[in-house]
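Coordinate analysis (summary)
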Amino acid sequence: MTSIVVITAGTSIPSSSRLLGERLGEASVAALAASGSLGQVTHIELRTLATDLANHLATRVPSARLREAFDAVCGADGVIAVTPVFNGSYSGLFKLFFDALDEGVMKGRPVLLAATGGSARHSLVIDHAMLPLFFYLKAVAAPNPVFAATKDWGTEGGKLERRIAKAAQEFARIVRAGTPAKADDDFEVTDFRELLGG
């Protein structure tokens, strides 16, 4: 059974980030099924863990609910990460969760990035904020991230649905390709004195 964890950082009810996460999770399971793999989805709504995350930031001691969420990510074959756009970037709640994960948890783990915002002008948040974060975490980013603006939530089978399906197919392909890396493949940092020739 292939395990997919969907992490959403929406704060409203209903949440477009949660809705996008659900659609991506369903499409990913369908894409896995088309290739003969069974998939199951676990949803983590960070809104419900906000207090736990704040306490963890201050104490470095995770609550039972937060530990359960961390364990779900550690056991996932792939992660779908969805954030609303706040002030031109991912939300603080989104960043707080990934800051709280143990070092190396996302290393080699396939991740499908997605974001929601009021208009298409916010779509660059994936390239200028989310990608650098997940490159730093050494995750394997799927090649087709999804941004959904308010106007994208229209009729069934529209452009957003096609983007979701395409993203899910590529994500499923990466998830099927293998498990997260376990070996230590950190790059070596050149001593600054060597760079200066001294």
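None of these values were measured; they are calculated from a predicted model.

About the criteria used
- Residues numbered from 1 in each chain as written.
- Predicted model: local features only at pLDDT ≥ 70, side-chain atom pairs only at ≥ 80, totals over all residues.
- Heavy atoms only, no water.
- Helix = DSSP H or I, 4+ residues; strand = E, 2+ residues; numbered from the N terminus.
- Contact = heavy atoms within 4.5 Å.
- pLDDT = per-residue confidence, 0-100.
- Buried < 20%, exposed > 50% of the residue type's maximum accessible area, 1.4 Å probe, protein only.
- Right-handed = clockwise from strand over helix to strand, strands pointing away.
- Pairing = 2+ DSSP bridges.
- Core = buried A, V, L, I, M, F, W, Y, C linked by side-chain atoms within 4.5 Å.

Our next topic: the overall build of the protein chain. Within the protein chain, the regular secondary structure consists of seven helices and seven strands. Sequence-distant contacts, at least 24 apart, represent 80% of the contacts inside the protein chain between residues at least 6 apart.

Scored by pLDDT, the protein chain has a mean of 91; 88% of the residues are at 70 or more. The low-confidence segment residues 181-185, where pLDDT is below 50, has five contacts with residues more than four positions distant or belonging to other chains.

Moving on, we get to the pairing of strand 1 (residues 2-8). In terms of burial, strand 1 is a largely internal element, seven of the seven residues being buried. Residues of strand 1 alternate between two faces, with Thr2, Ile4, Val6 and Thr8 on one and Ser3, Val5 and Ile7 on the opposite face, all of them buried. Taking the sense of rotation as the criterion, the β-α-β connection linking strand 1, helix 1 (residues 16-34) and strand 2 (residues 39-45) turns out right-handed. With five bridges joining them, strand 1 and strand 3 (residues 78-86) adopt parallel strand pairing. Bridge pairing in strand 3 places Val6 opposite Ile80.

This paragraph deals with the pairing of strand 5 (residues 110-117). The element strand 5 is largely enclosed, with a buried count of eight among its eight residues. Across six bridges, strand 3 lies against strand 5 in parallel orientation. Paired with Val82 across the two strands is Ala114, which belongs to strand 5. Bridge count for strand 5 against strand 7 (residues 146-149) is four bridges, and the pairing is parallel. Within strand 7, the position partnered with Thr116 by the bridge is Ala148.

Ile7, Val73, Phe94, Phe97, Phe98, Met106 and Phe134 are the most contacted members of the largest nonpolar core, which has 38 residues in total. Mapped onto this core, the elements with two or more residues apiece are strand 1, helix 3 (64-74), strand 3, helix 4 (92-100), strand 5, helix 5 (125-136) and strand 7. No other element matches helix 5, which puts seven residues into this core. When sequence neighbours within four positions are dropped, the list of residues in contact with Phe94 reads Ala9, Leu46, Ala81, Val82, Thr83, Met130, Leu133 and Phe134. Core analysis: the next-biggest nonpolar cluster, separate from the first, contains 22 residues, Val6, Leu20, Leu112 and Ala168 among them.

Along the chain, Thr83 falls in strand 3. Residue Thr83 is classed as buried on the basis of its relative accessible area, which comes to 0%. Leave out the neighbours within four places in its chain, and Thr83 touches Ala9, Ser17, Tyr90, Ser91, Phe94, Ala114, Ala115, Thr116 and Met130.

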